[in-house]
Amino acid sequence: MDGQSDKYETTGPAQLGMQDPEGYSYTAPNPFAGLNSIDPNSFNPLGQTGGPDYLQYDTSGRGYTEKAFYNCGTMYLVGILGGGTYGFFEGLRTSPSNKFKIRLNTV
């Protein structure tokens, strides 16, 4: 910095007990002080209960809307595959020529 020293280098605002114009207190206590004393295993649910907890599973199966969406999607795919296969063979059958390239082009 072109030979000049910072005026807060030796006497910073924390040593003077000053406050920032935005309201930050330089002498406020550290909110993270004392975190070394927390045992991380206290947050582990497997360490407390001795085994995993399982969610309650509905044994009656899927709901009405889930079955409806699955069946609609399945029938949509079956329809696309069936219609595409039918169109392919119908295009080959009704082609105006017996040459394979022309027959394939009419599909």
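Residues numbered from 1 in each chain as written. Predicted model: local features only at pLDDT ≥ 70, side-chain atom pairs only at ≥ 80, totals over all residues. Heavy atoms only, no water.

Draft legend 1. Main features of the overall build of the protein chain. Counting its regular elements, the protein chain contains 4 helices and 0 strands. Beginning at the N terminus, the succession of helices and strands in the protein chain can be written as α-α-α-α. Within the protein chain, the fraction of its 107 residues that count as buried is 7%. Accessible area of the protein chain: about 10,200 Å², with a carbon and sulfur share of 58%. (Helix = DSSP H or I, 4+ residues; strand = E, 2+ residues; numbered from the N terminus. Buried < 20%, exposed > 50% of the residue type's maximum accessible area, 1.4 Å probe, protein only. Areas by Shrake-Rupley, 256 points an atom, 1.4 Å probe, with all protein chains shown as cover.)

Draft legend 2. Local environment of the side chain of S95. As for its position among the elements, S95 is in the loop between helix 3 (64-93) and helix 4 (100-105). At a separation of 3.4 Å, a polar atom in the side chain of S95 contacts the main-chain carbonyl oxygen of L92. Non-local contacts of S95, meaning those with residues more than four positions away in its chain, are made with R103 and T106. (Polar contact = N/O pair within 3.5 Å; in protein donor to acceptor, adjacent residues only side chain to side chain. Contact = heavy atoms within 4.5 Å.)

Draft legend 3. Up close: the pattern of salt bridges. Following the criterion strictly, the structure yields 2 salt bridges and no others. Residue E66 pairs with R62 through a salt bridge whose shortest N-O separation is 3.5 Å. With relative accessibility at 63%, the residue R62 sits in the exposed group. Between E90 and R93 there is a salt bridge whose closest N-O contact spans 2.5 Å. Placement of the pair is E90 and R93 together in helix 3, with a separation of 3 residues, close to one helical turn. According to the relative accessible area criterion, E90 is partly exposed, its value standing at 25%. (Salt bridge = Lys/Arg side-chain N within 4 Å of Asp/Glu carboxyl O.)

Draft legend 4. Main features of the packing of aromatic side chains. Using the criterion set out here, one finds 1 aromatic pair in the structure. Relative to F89, the ring of F88 has its centre 5.3 Å away and its plane inclined at 75 degrees; by these criteria the two rings are edge-to-face. With a relative accessible area of 34%, F88 lands in the partly exposed category. (Phe/Tyr/Trp six-rings, centres within 6.5 Å; stacked < 30°, edge-to-face > 60°.)

Draft legend 5. How the structure looks around a nonpolar patch on the surface. Taken together, the side chains of F88, F89, F100, L104 and V107 define a hydrophobic patch exposed on the protein surface, amounting to about 500 Å² of accessible area. At the level of elements, helix 3 and helix 4 are the ones that each hand at least two residues to the nonpolar patch. Within the element layout of this structure, L104 appears in helix 4. Overall, L104 belongs to the partly exposed group, its relative accessible area being 41%. (Patch = residues over 30% accessible without salt bridge, like charges linked within 9 Å, V, L, I, M, F, W, Y side chains within 5 Å.)

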